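# Structural overview for review
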Amino acid sequence: MNINSDIFDHKLKKSHQKLEELSQRVGQSNPPAEILKEGLEELSTALEEVHVLSEELTAQYGQTQVAQSILLKEHQQYVELFNLAPDGYIVTDPQGLIQQVNLVAAILFNRHQDFLIGKPFTMLVAETERQRLYSLLADLRQGHAQQNVFLYLKPHQEAPFYASFTIATVQDYQSQIVGFRWLFRDQTVQQRAATTLQESEQRYVNLAAAVPVGIFRVNVLGRFIYVNEHWCQISGLTPETTIETDWLQRIHPDDRQRFITEWTQATQQNQPFQLEFRFQQPDDNITWAYGQAMPEKDSTGTHLGYVGSITDITDLKQAQDFIKHSALYDPLTNLPNRTFLLEQLELSIKKFHRDQSYSYAVLFLDLDRFKVINDSLGHGVGDQLLIELAQQLKIHLRNIDLVTRLGGDEFVILLENVNDPVTIVQIVERILADYETPFMLHGHEIFIGLSVGIAIGSEDYHQAADLIHHADIAMYRAKTEARNSYQFFDEAMHAQSMNRLILEIDLRKALEQEEFILYYQPIFELKNRCLTGFEALVRWRHPTRGLIAPNNFISVAEEIGLIVPLGRWVLHNVCQQIVEWKHRFVQCVPLKISINLSAKDLSQGDLIQTIDNILTETGLDGNSIILEITETILIEDIDQTLEVLKQLASRNIQISIDDFGTGYSSLSYLHKLPVHTLKIDRSFVDQMQVDSGQYKVVNSILALSQQLGLTAIAEGIETDQQLQQLQQLGCQFGQGYLFSRPLTVADIETTFFIDDN
């Protein structure tokens, strides 16, 4: 039972009043007994009420103590919760003075809680935020609670931090605002993360705009949600039309279905996508693009769509086409090249073995005397001639036929569906007849001929290279037999070709195994048949074929590059032989020995040094040897030849022009050259009847040599009649079977020399 303190005071005053009245009555003299009794009863009643009231008061006080204890405990729990809250908590009055601060807030501001009590909240806010705080307090005093308010707060002696606030008003029992509760949380890390994310997104946007590729994003439905400027440039679409229209219509019609198939397969299987395809611009220009895309997922692994790029590879495709064209086509004539030919021939061979009714043939064409045109008129004219020839060949061919250039002046034609050799011959003869008319190039009238080899496809062929090789063999046979002609390949040609190959192999071994031997043909002074010297001639002592004459292997040695080492072997051995003869046969001095130089010998940059080394090593003087060069060599590079000959002449080495009159005219250069001897070719001597053409040529050569102060040597003298005619014409020297065949060293020594010992 709770006792109201006012009621208790009232009862107590009333009892006190009655006791005073009773005391006054008792204080009278001789009060009646009834008055005393009444007074005692009232006093007893008052005391009893006081006692009851005292007990009630004691009980009430005990309840109050319990309530205060509970209240104190709850307050303590509130304070603990207040301080242990994970967020900052501040209570201010309406003016913003701090009344309460929890522990988290004190730690965040680096201040003690007691220090902050009574301080203005503005001191905790960064200076840049204070004006916002004043406006915020004004709104709060109007009763407007706030959420998601962000302020920069300034701790003591530390850097500001970023906080989010939830602010509530505090009201009394009369609903008057008596303060504000400020609940806040440090959002610095989150704010930095958000800033970083925003910056990252901005960098992504900037990067997507800057990279030279098209960037795009599509959702799970395949609808575009982002494209950058480069995507628009490559596709020819704007961002709006890309998102709003069917952009697939811009893909080239030939690539559209393939693109849809590949994209559908990738998206259905949630796999990466990559493809080369073409965009067709509104102006019909074609842009090649390489597209690739990857599935895009969120942090939970949920599929969001695709992000990808497209790269303009138009230049790359053009470069690839150029490389492919360069790999398959000749850059000069724009005809298919050897690689292209081999591919087509392989197809023809396979087709023939599948279908015996199919037929084909290969024509191997080579220009006659093309090197002369190149050397005399220049490579520019030669190239133009090849271009004209390539175009003219197409005139005589059908659409199904193929004309190709292997290189140099060699062309190959693939004829398809040619059922008999007659048809092939008709085509070849039309081509050959066409080149009887000269070409007009750069003011020059140029006559050319073609040598054609023909190989007809058969069941024996399984490799394209074999067909080309056999046609090549037939072409060489045509070239050796007649100019501007053709030959069909047969097995006899193949046998000859194999013999040639074997000869090449054996020739390479011959130099290593020293199978060569020198023969010497004497040269005489014709008037009295006096020996004046020798011409050194090389022979090949083949281990199985016996002695091989030079005309059977010298040309091969030139073609396979052995003529230079062979020539140096000859030069070195001849010089050694001269030195030996000089020591043994003094009376033979001053005999000279002639040595043939090939065109490749003369073009070697170290020729002079090689000759110097050989002369030094053998101890021989240069005036003991004569170097013979053909007339054709003189005009191939007259400036270089003149320089080399001058250096040889400075070493007292004499120069002889071999086979004079059979080559191209060099009369305009002859007087400039340090030449000592002209050798008249055996072809003139052999047919030298009086008043014949050959007789007149020999007469002219001898007259020329006399005018230039040169000696003349006639080759191939075999009869007394030839000797007499040459003597009559004034020829000084000669050699031939009439005097002596080429002899070995032993025969020379036995026949012509007397050993001084």
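Figured I'd write up the structure that's included with this text. (Residues numbered from 1 in each chain as written. Predicted model: local features only at pLDDT ≥ 70, side-chain atom pairs only at ≥ 80, totals over all residues. Heavy atoms only, no water.)

## Some points on the packing of helix α25 (residues 693-708) against helix α26 (residues 720-729)
Where α25 meets α26, the closest approach of the two axes is 10 Å, and the angle between their N-to-C directions is 40°. The angle between α25 and α26 places the two elements in the oblique class. Relative to α26, α25 is oriented so that their crossing is right-handed. Contacts from Y695, V698, N699, L702 and Q706 of α25 reach α26 at Q725, L726 and L729. Class assignment of the residues belonging to the contact of α25 with α26 gives a composition of five nonpolar, three polar and no charged. (Axes fitted to C-alpha atoms, helices over the stretch in contact; angles between N-to-C directions. Helix = DSSP H or I, 4+ residues; strand = E, 2+ residues; numbered from the N terminus. Parallel < 35°, antiparallel > 145°, perpendicular 65-115°, else oblique. Left-handed = near helix turned anticlockwise from the far one by under 90°. Contact = heavy atoms within 4.5 Å. Nonpolar A, V, L, I, M, F, W, Y, C, P; charged D, E, K, R; others polar.)

## Some thoughts on the packing of helix α11 (residues 338-354) against helix α15 (residues 464-481)
Packing of α11 against α15 leaves a shortest axis separation of 8 Å and a crossing angle of 110°. Taken together, the axis directions place α11 and α15 in an arrangement best described as roughly perpendicular. Along the contact surface, α11 presents R338, L341, L342, L345, E346 and I349, while α15 presents A464, A465, L467 and I468. When its residues are assigned to classes, the contact of α11 with α15 shows eight nonpolar, no polar and two charged.

## What about the environment of V149?
Its location among the elements puts V149 in strand β3 (residues 146-153). Remark: the alpha-carbon pair of V149 and A163, spanning 14 residues in sequence, is separated by 8.2 Å. Sequence-distant contacts of V149, that is, excluding residues within four places in its chain, are made with R132, L136, A163, S164 and F165.

## Quick look at the packing of aromatic side chains
Tallying each qualifying case throughout the model produces 34 aromatic pairs. On the numbers, 5.6 Å between centres and 50° between planes, the contact of Y329 with F340 is tilted. Here Y329 is found in the loop between α10 (314-328) and α11, whereas its partner F340 is found in helix α11, with 11 residues between them in sequence. Judged by its relative accessible area of 24%, Y329 falls in the partly exposed class. Residue F340 is classed as buried on the basis of its relative accessible area of 16%. In this structure an aromatic cluster arises from ring pairing among F216, F224, W231, F259, W263, F273, F277, F279 and Y306. The residue whose ring lies beneath K119 is F115, and the NZ or CZ to ring-centre distance is 4.4 Å. (Phe/Tyr/Trp six-rings, centres within 6.5 Å; stacked < 30°, edge-to-face > 60°. Buried < 20%, exposed > 50% of the residue type's maximum accessible area, 1.4 Å probe, protein only. Lys NZ or Arg CZ within 6 Å of the ring centre and 35° of its normal.)

## With respect to the sheet that holds strand β12 (residues 402-407)
Picture the strands of a sheet paired through backbone hydrogen bonds; they go either parallel or antiparallel. Here five strands make up an open sheet; going across it, the order is β12-β13-β11-β16-β17 and the pairing mixed. Every other strand in the sheet has two partners, leaving β12 and β17 (486-488) as the edge strands with one partner each. Shown here is a sheet whose adjacent strand axes are inclined to one another by a mean of 20°, direction ignored. Relative to strand β13 (residues 410-416), β12 runs antiparallel, the two sharing five bridges. (Pairing = 2+ DSSP bridges.)

## Regarding the side chain of D401
For D401, the location among the structural elements is in the loop between α13 (379-395) and β12. Looking at D401, its side chain comes within polar contact range of the main-chain nitrogen of E416, at 3.2 Å. Setting aside residues no more than four positions away along its own chain, D401 makes contact with L414, L415 and E416. (Polar contact = N/O pair within 3.5 Å; in protein donor to acceptor, adjacent residues only side chain to side chain.)

## Brief notes about unusual backbone geometry
One non-glycine residue, N417, lies in the positive phi region at around 55°. Examined against the element boundaries, N417 turns out to sit in the loop between β13 and α14 (421-434). In this structure N417 comes out as partly exposed when scored by relative accessible area, which is 41%. Despite not being glycine, N652 has its phi angle at roughly 65°, a positive value. One can find N652 in the loop between α22 (638-649) and β23 (654-660).

## Concerning α25
Counted at 1.5 Å a residue, the expected span for α25 with its 16 residues is 22 Å, and the 23 Å between its end C-alpha atoms agrees. When we look at burial in α25, the residues that qualify are Y695, V698, I701, L702, L704 and S705. Of the residues flanking the end of α25, it is G709, one or two places downstream, whose phi is positive at about 75°. (Expected span 1.5 Å × (residues − 1).)

## Structural notes on the pairing of strand β25 (residues 711-714)
Bridge analysis of strand β24 (residues 677-680) against β25 gives four bridges, and the strand direction is parallel. The residue of β25 that forms the bridge with K679 is I713. For β25 and strand β26 (residues 733-734), the ladder comprises two bridges, and the chain directions are parallel. Following the sheet pairing, I713 is matched in β26 by F733. Where the polypeptide runs from β25 across α26 and back to β26, its parallel neighbour, the crossover connection is right-handed. (Right-handed = clockwise from strand over helix to strand, strands pointing away.)

## Focus: the pattern of salt bridges
Side chains that differ in sign of charge can pair as their charged atoms come close. In this structure the tally under the stated criterion is 18 salt bridges. Put simply, R258 and D255 hold a salt bridge, and the shortest N to O gap is 3.3 Å. Taken together, the positions of R258 and D255, both in helix α9 (residues 253-268) and three residues apart, correspond to about one turn of that helix. In this structure D255 comes out as buried when scored by relative accessible area, which is 3%. The closest approach of N and O atoms between K679 and E715, which form a salt bridge, is 3.3 Å. (Salt bridge = Lys/Arg side-chain N within 4 Å of Asp/Glu carboxyl O.)

## Remarks on the sheet that holds strand β1 (residues 88-92)
Pairing is antiparallel across the open sheet formed by five strands, whose spatial order is β2-β1-β5-β4-β3. Looking at which strands have only one partner, the edges of the open sheet turn out to be β2 (98-101) and β3. Each strand of the sheet is rotated relative to its neighbour by a mean of 30°, with strand direction disregarded. Pairing of strand β4 (residues 161-171) with strand β5 (residues 177-186), which is carried by nine bridges, proceeds in the antiparallel orientation. Residue pairing for β5: S164 is matched across the bridge by R185. Lying over the sheet, helix α5 (residues 130-141) contacts β3, β4 and β5, oriented at roughly 130° with respect to β5.

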